[in-house]
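Read off the chains here:
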Amino acid sequence: MTETLKTADIQLIQRILPHRYPFLLVDKVVDIDGYKSAKGIKNVTMNEPHFQGHFPGTPIMPGVTIVEAMAQTSGVMIGVAMDLADKDLLIYFMAIDKCKFRRKVIPGDVLEMNVRTERGKPGGKVWKFSGVATVDGEMAAECEFTAMMDI
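Here we summarise the structure given alongside this text.

Procedures and definitions
- Residues numbered from 1 in each chain as written.
- Predicted model: local features only at pLDDT ≥ 70, side-chain atom pairs only at ≥ 80, totals over all residues.
- Heavy atoms only, no water.
- Pairing = 2+ DSSP bridges.
- Helix = DSSP H or I, 4+ residues; strand = E, 2+ residues; numbered from the N terminus.
- Axes fitted to C-alpha atoms, helices over the stretch in contact; angles between N-to-C directions.
- Contact = heavy atoms within 4.5 Å.
- Phe/Tyr/Trp six-rings, centres within 6.5 Å; stacked < 30°, edge-to-face > 60°.
- Buried < 20%, exposed > 50% of the residue type's maximum accessible area, 1.4 Å probe, protein only.
- Core = buried A, V, L, I, M, F, W, Y, C linked by side-chain atoms within 4.5 Å.
- Patch = residues over 30% accessible without salt bridge, like charges linked within 9 Å, V, L, I, M, F, W, Y side chains within 5 Å.
- Areas by Shrake-Rupley, 256 points an atom, 1.4 Å probe, with all protein chains shown as cover.
- Salt bridge = Lys/Arg side-chain N within 4 Å of Asp/Glu carboxyl O.
- Polar contact = N/O pair within 3.5 Å; in protein donor to acceptor, adjacent residues only side chain to side chain.

**With respect to the sheet that holds strand 1 (residues 6-8)**
Next, step 1: Reading across from one edge, 1-2-3-5-6-7-4 is the order of the seven strands in this open sheet, with antiparallel pairing throughout. The open sheet is flanked by strand 1 and strand 4 (90-101), the only strands paired with a single partner. The mean inter-strand angle of the sheet, taken between neighbouring strand axes irrespective of direction, is 20 degrees.
Next, step 2: Note: strand 1 against strand 2 (residues 28-33), two bridges, orientation antiparallel. Bridging from a neighbouring strand, Ala8 pairs with Val29 of strand 2.
Next, step 3: Helix-sheet contacts for helix 2 (residues 63-81) involve strand 1, strand 2, strand 3 (37-43), strand 4, strand 5 (110-119), strand 6 (126-135) and strand 7 (138-150), and the interaxial angle to strand 5 is about 60 degrees.

Quick look at the structure:
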């Protein structure tokens, strides 16, 4: 028997995460496999506020926002798995490790964030994840990060 993978649209994402514009950095999360893994989708557009200053004339998505998008994808994955919609979930970074950037992410790109749980269990507060962000199958960034959940 195979388990059906779940999806979170923008309405469910906003019921799980406290982030809002301009800091909500994931548009959809697909292929949610319980607590194990998920894929986040971010449509990168020119009207995002960080492009005004990063960099004028050459808009590039800041690396820290790519890492944040991976973290938000992980938060949605756990939120769906633990049925945390409408529960006032807060998640805080504890560590970001082995972070590498491989390609620029620019307006018009579709950023895919593939995240996986490395450590953590339902009811636990501290979780460790790994993530790889890609554009058109090409790696843009990768990292490991640890987060604490405050419900």
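**Examining the packing of aromatic side chains**
Next, step 1: Summed over the entire model, instances satisfying the criterion amount to four aromatic pairs.
Next, step 2: With a centroid separation of 6.2 Å and 5 degrees between ring planes, the pair formed by Trp127 and Phe129 is classed as stacked. As far as the burial class goes, Trp127 and Phe129 line up, both buried.
Next, step 3: A connected cluster of aromatic rings, assembled from ring pairs, spans Tyr35, Phe93, Trp127, Phe129 and Phe145.

**Quick word on the nonpolar core**
Next, step 1: Counting residues in hydrophobic clusters, the biggest one holds 38 residues, and the most contacted among them are Ile13, Val29, Ile66, Met70, Val76, Val105 and Leu111.
Next, step 2: Sorting the residues of this core by element identifies helix 1 (10-16), strand 2, helix 2, strand 5, strand 6 and strand 7 as the ones contributing at least two each.
Next, step 3: The dominant element in this core, judged by the number of residues it contributes, is helix 2, at nine residues.
Next, step 4: Residues in contact with Leu111, not counting those within four places in the same chain, are Gly40, Ile41, Lys42, Val44, Met61, Ile66, Val105, Ala133, Thr134, Val135 and Ala140.

**Some thoughts on a nonpolar patch on the surface**
Next, step 1: A cluster of nonpolar residues, Leu90, Tyr92, Met94, Val126 and Met148, forms a patch on the protein surface that exposes about 420 Å² of accessible area.
Next, step 2: Ranked by the residues each element gives to the nonpolar patch, the list is headed by strand 4, at three residues.
Next, step 3: Topologically, Met148 is positioned in strand 7.

**Regarding the environment of Ile96**
Next, step 1: Along the chain, Ile96 turns up in strand 4.
Next, step 2: Among the residues examined, Ile96 registers a relative accessible area of 42% and is labelled partly exposed.
Next, step 3: Sequence separation of Ile96 and Met61 is 35 residues, and the distance between their C-alpha atoms is 18 Å.
Next, step 4: Setting aside chain neighbours within four positions, we find Ile96 in contact with Val67, Glu144 and Phe145.

**Remarks on the side chain of Thr65**
Next, step 1: Its place among the elements puts Thr65 in helix 2.
Next, step 2: On the accessibility criterion, Thr65 (8% relative accessible area) is buried.
Next, step 3: There is a polar contact of 2.6 Å between the side chain of Thr65 and the backbone oxygen of Pro62.
Next, step 4: The contact partners of Thr65, leaving out residues within four places of it in the chain, are Leu25 and His50.

**With respect to the pairing of strand 7**
Where a strand is regular, its side chains alternate between the two sheet faces.
Next, step 1: Here strand 4 pairs with strand 7 via nine bridges, running antiparallel. Each bridged residue has a counterpart across the sheet, and for Ile96 the counterpart in strand 7 is Phe145.
Next, step 2: Of the pairings in the sheet, the one linking strand 6 to strand 7 comprises 10 bridges and is antiparallel in character. Looking at strand 7, one finds that Lys128 is bridged to Thr146.
Next, step 3: Taking the residues that link successive antiparallel strands as the turn, the strand 6-strand 7 hairpin has two residues, and the phi of Asp136 there is positive, at about 50 degrees.

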